[in-house]
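Overview (structure and organization)
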Amino acid sequence: MKISTRLIHEHNVKHESGAVIAPIIMATTFERKEDQLTFPQGYVYSRSDNPNRASLENKLAILEGGATAISFASGLAAATAVFQSLKSGDHIVMADDTYFTMRTIVNTLYAGFGLSYTLVDMTNLEELKNAIQPNTKLVWMESPSNPAIKITDLEAVVQIAKAHHCFTVADNTWATPFYTKPLALGVDIVLHSTTKYLGGHSDILGGALIFKEQNERTEFIKKVQQYSGAVPSPFDCWLLCRSLTTFTARMPIHSSNALKLAKYLEKEKKIDKVLYPGLPSHPQHTIAKKQMKGGYGGMLSIWVKGGQEPALKLCSLLKLFTHATSLGGVESLIEHRVSIESSDSKTPDNLLRISVGIEDINDLIADFKQALKLL
Ligand SMILES: *Cc1c(COP(=O)(O)O)cnc(C)c1O
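Here is a short report on the structure shown in this document.

The rules behind each value
Residues numbered from 1 in each chain as written. Predicted model: local features only at pLDDT ≥ 70, side-chain atom pairs only at ≥ 80, totals over all residues. Heavy atoms only, no water. Helix = DSSP H or I, 4+ residues; strand = E, 2+ residues; numbered from the N terminus. Salt bridge = Lys/Arg side-chain N within 4 Å of Asp/Glu carboxyl O. Buried < 20%, exposed > 50% of the residue type's maximum accessible area, 1.4 Å probe, protein only. Contact = heavy atoms within 4.5 Å. Near = heavy atom within 4 Å. Polar contact = N/O pair within 3.5 Å; in protein donor to acceptor, adjacent residues only side chain to side chain. Areas by Shrake-Rupley, 256 points an atom, 1.4 Å probe, with all protein chains shown as cover.

Secondary-structure assignment places Lys263 in helix H9 (residues 234-267). Separated by 71 residues in sequence, Lys263 and His192 place their C-alpha atoms 28 Å apart.

Looking now at the pattern of salt bridges. Throughout the structure, instances matching the rule amount to twelve salt bridges. Put simply, Asp90 and Lys137 hold a salt bridge, and the shortest N to O gap is 3.3 Å. Taken as a pair, Asp90 in the loop between helix H3 (75-84) and strand E2 (91-95) and Lys137 in strand E4 (residues 136-142) lie far apart in primary sequence, 47 residues in all. Judged by its relative accessible area of 8%, Asp90 falls in the buried class. Notably, a salt bridge pairs Asp96 with Lys150, separated by 3.2 Å at the nearest N-O pair. In this pair, Asp96 is assigned in the loop between E2 and helix H4 (101-108) and Lys150 in the loop between E4 and helix H6 (154-163), connecting sequence segments 54 residues apart. Residue Lys150 is classed as buried on the basis of its relative accessible area of 18%. Taken together, the shared-partner salt bridges in this structure form one network comprising Glu335, Arg337, Glu341 and Arg353.

Moving on: the environment of Ile221. Considering the arrangement of structural elements, one finds Ile221 in helix H8 (residues 216-228). According to the relative accessible area criterion, Ile221 is buried, its value standing at 0%. The spatial distance from the C-alpha of Ile221 to the C-alpha of Thr68 is 12 Å, given a sequence separation of 153 residues. Here Ile221 is in contact with Ile70, Phe72, Ala81, Val82, Ser85, Ile189, Leu209 and Phe211, once residues within four sequence places are set aside.

Another aspect to go through is the site of the ligand. Inspection of the region around the ligand gives 14 residues, with Leu76, Asp171, Ser193, Thr195 and Lys196 positioned closest. A distance of 2.7 Å is found between a nitrogen atom of the ligand and a side-chain nitrogen or oxygen belonging to Asp171. Within the side chain of Ser193, a nitrogen or oxygen atom sits 2.8 Å from an oxygen atom of the ligand. Contact with the protein chains hides 93% of the accessible area of the ligand, taken as 380 Å² for the molecule alone.

Put into structure tokens, the structure is as follows:
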């Protein structure tokens, strides 16, 4: 069966009433069986596990084609669990434009634990090879990257990482499994901020790790989840399961809208540059074409002619694109990235990042037309 069918029909929490939609099990604790030793369905206490969370994790594993999935209260809680599975003295190689809080986590939360990292341009495989040290354990990728929209050749990076006995993580939040399947390309762990496209409605915060195989690291990360308890609530899990039922219906609209908007913006004189993996002008378009199947996702970045002032003005002139952070919701957002990133950010001050929603594309283009006319 296809994934869209499986996400709707498999691993739902059932209710004795015959309710067609899964119930939410809010209970934090579960009664033992008559033998007074075991539990009817294995659930003991909700920090360790809960029916709605089990349902969500099964669906996430289906979605990425993984052996198992572990969910968290946010994307960064998921990332933190991966860093926690490293040992003092370990070294990480990370893409230089990885989601900016990833390195902040290593710098601040792990400052006393002896983890170090080197940032590289992942599109330059020689730079990656040169950055790997004898103590490098992890290679961290993100494709498309944020907000430079760089496309990493995941398969090529995995080959290099494996040759040096490193495990690999791919943050697949932006591409989503609808367009890229990192596990099938050899990546060990996929990370999601489920807050974005998997949630899809800008109303759930969540994160997940999906694993190619069950191994010692998977077991350790499961303990991080169960012992430290940065878990999504039953209601969040239920909402996310609900979002996943429409995931495969939403994604093609995001993607086709983004491609049409990118093509239109590329012709506009007041826009210097448009970065979208689906445009032949994109520097890694060939890799994107090979790696991304059926479309290029809903994210693009534009460089507004003239610097920060016209960029901010454009945000204020747009009526349908809300100036706000985050992405992946049904509504279109635009964001001046440098003013929200850390002080050492290299993002240009005229760059605007756009999360294209699923509104009618003609309305979205008309909104840009009226705004650019006034700019
Ligand atoms: C938002 C985001 C994160 C962080 O996830 P949270 O759910 O906000 O903790 C990580 N990676 C990428 C690519 C993101 O867009």
